[in-house]
Amino acid sequence: TVTEMLVRLNKMCGRQENTEDMLDRAFKFMGKDVVKMVAQMKDEEKKGISQSFPSFNSLHYLYLCALDGRKLPSDVAAANEYLINLMKKEIKNQSIYEKALSAIILQENGNTMKAKEYAQSLKQYTVMTEEMGRYYDTGRANYSWCDYKIPTEVAAIEALKSITPEDQTTINEMLRWLLQEKRTQTWDTPINSVDAVYAFLHGNLSVLSGQDQTVLAIDGKKLESPTATAGIGYVKSAVQPTSKMKTLTAKKTSTGTSWGAVYAQFMI
């Protein structure tokens, strides 16, 4: 998990010098282990024992290598290629989360056409409602008491941003679901919170910059509100209503996913 967060940080913000030593040590350790595992698999293969993709940990390792993009030693690169070839045969048995990681691995290793097939499959499993956004309502989307389906949604968003970045409609609909989960599930573990923040910021750090505020108006008359800072378009305005007020409008010109609400209070 720590390695994943550091690799993602470098992917978003450029390689950070203070992460290099930790990542060098981590990839050296993982690479040595993978080379040893693949050597054993090849020995079994020579004995006529058919090999399948070994484990989720191996998939996660390939994802980290793909995301990090570092030049690997020749023996590690060869072991990774062996595992990727086995991975391609597993698509029918994969969960949505695993399929999303596989799509990223294929994309980063130059297999763009295959990655697009995986991305299309990721979209086909989604359902969409105007209120909740686009999400997964299938047993193939990982679920547990501690993380709900947030990691699966984040992995799919990351894959689509990497492979089909032009499909902003689908991506924004999935981000809408993630934002809704903040309200209903509260992103209730630190890992879920970090995952969700990564989904919003990956490839879109511009959302941290100040943007135009949403313009609120009643019957065409603009309401005054505080100045937005650090990309947070927070608008709060207390209005004393009158019986003549009829229409409230909100005009949003900033990019990214937002959430707003209007509350009316009546005194009797």
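The structure this text deals with has already been given above.
Reading the values: rules and limits
- Residues numbered from 1 in each chain as written.
- Predicted model: local features only at pLDDT ≥ 70, side-chain atom pairs only at ≥ 80, totals over all residues.
- Heavy atoms only, no water.
- Helix = DSSP H or I, 4+ residues; strand = E, 2+ residues; numbered from the N terminus.
- Buried < 20%, exposed > 50% of the residue type's maximum accessible area, 1.4 Å probe, protein only.
- Contact = heavy atoms within 4.5 Å.
- Areas by Shrake-Rupley, 256 points an atom, 1.4 Å probe, with all protein chains shown as cover.
- Phe/Tyr/Trp six-rings, centres within 6.5 Å; stacked < 30°, edge-to-face > 60°.
- Pairing = 2+ DSSP bridges.
- Expected span 1.5 Å × (residues − 1).
- Axes fitted to C-alpha atoms, helices over the stretch in contact; angles between N-to-C directions.
- Parallel < 35°, antiparallel > 145°, perpendicular 65-115°, else oblique.
- Left-handed = near helix turned anticlockwise from the far one by under 90°.
- Nonpolar A, V, L, I, M, F, W, Y, C, P; charged D, E, K, R; others polar.

We now examine the overall build of the protein. For the protein, the helix and strand inventory stands at nine helices and five strands. Going residue by residue from the N terminus, the α and β elements of the protein occur as α-α-α-α-α-α-β-β-α-α-α-β-β-β. For the protein, the proportion of its 268 residues judged to be buried stands at 37%. Restricting to contacts in the protein with at least 6 residues of sequence separation, those with at least 24 account for 63%. About 16,300 Å² of surface is accessible on the protein, with carbon and sulfur atoms providing 53% of the total.

Here the focus is the packing of aromatic side chains. Scanning the model with the defined rule gives two aromatic pairs in all. For the ring pair Phe56 and Tyr97, a centre distance of 5.7 Å and an interplane angle of 35° mean the geometry is tilted. Of this pair, Phe56 sits in helix α3 (residues 56-68) while Tyr97 is found in helix α5 (residues 96-108), placing the two residues 41 residues apart along the sequence. Ring centres of Tyr135 and Trp177 lie 6.2 Å apart, and the angle between their planes is 15°; this geometry places the pair in the stacked category. Here the residue Tyr135 occupies a position in strand β2 (residues 133-136), and Trp177 occupies one in helix α8 (residues 168-184), the gap between them amounting to 42 residues. Since its relative accessible area comes to 3%, Trp177 is described here as buried.

Strand pairs in the sheet, formed through backbone hydrogen bonds, run parallel or antiparallel to each other. Taken in spatial order, the three strands of this open sheet run β4-β3-β5, and their pairing is antiparallel. The open sheet has two free edges, formed respectively by β4 (221-222) and β5 (248-251), since each of these has just one partner strand. As paired strands, strand β3 (residues 215-218) and β4 are joined by two bridges and run antiparallel to one another. By the bridge assignment for β4, Ile218 is matched with Lys221.

Attention now goes to helix α9 (residues 190-201). Owing to its 3.6 residues per turn, the α-helix brings residues three or four apart onto one side. For α9, spanning 12 residues, the distance from its first C-alpha to its last is 17 Å, which sits close to the expected 16 Å at 1.5 Å a residue. Looking at the buried residues of α9, the elements they touch are α1 (2-13), α3, α7 (150-163) and α8. In the stretch just after α9, Gly203 is the one whose phi turns positive, near 75°.

Moving on to the packing of α5 against α7. Interaxial distance between α5 and α7 falls to 8 Å at its minimum, and their mutual angle equals 25°. Regarding the angle of α5 to α7, the classification is roughly parallel. Taken as a pair, α5 and α7 cross one another with a handedness that is left-handed. Facing α5, whose interface residues are Ile96, Tyr97, Ala100, Leu101, Ala103, Ile104 and Gln107, α7 presents Pro151, Thr152, Ala155, Ala156, Glu158, Ala159, Ser162 and Ile163. Each residue belonging to the contact of α5 with α7 can be placed in one class, and the counts come to 11 nonpolar, three polar and one charged.

Everything listed here is a matter of geometry and, on its own, says nothing about what the molecule does.
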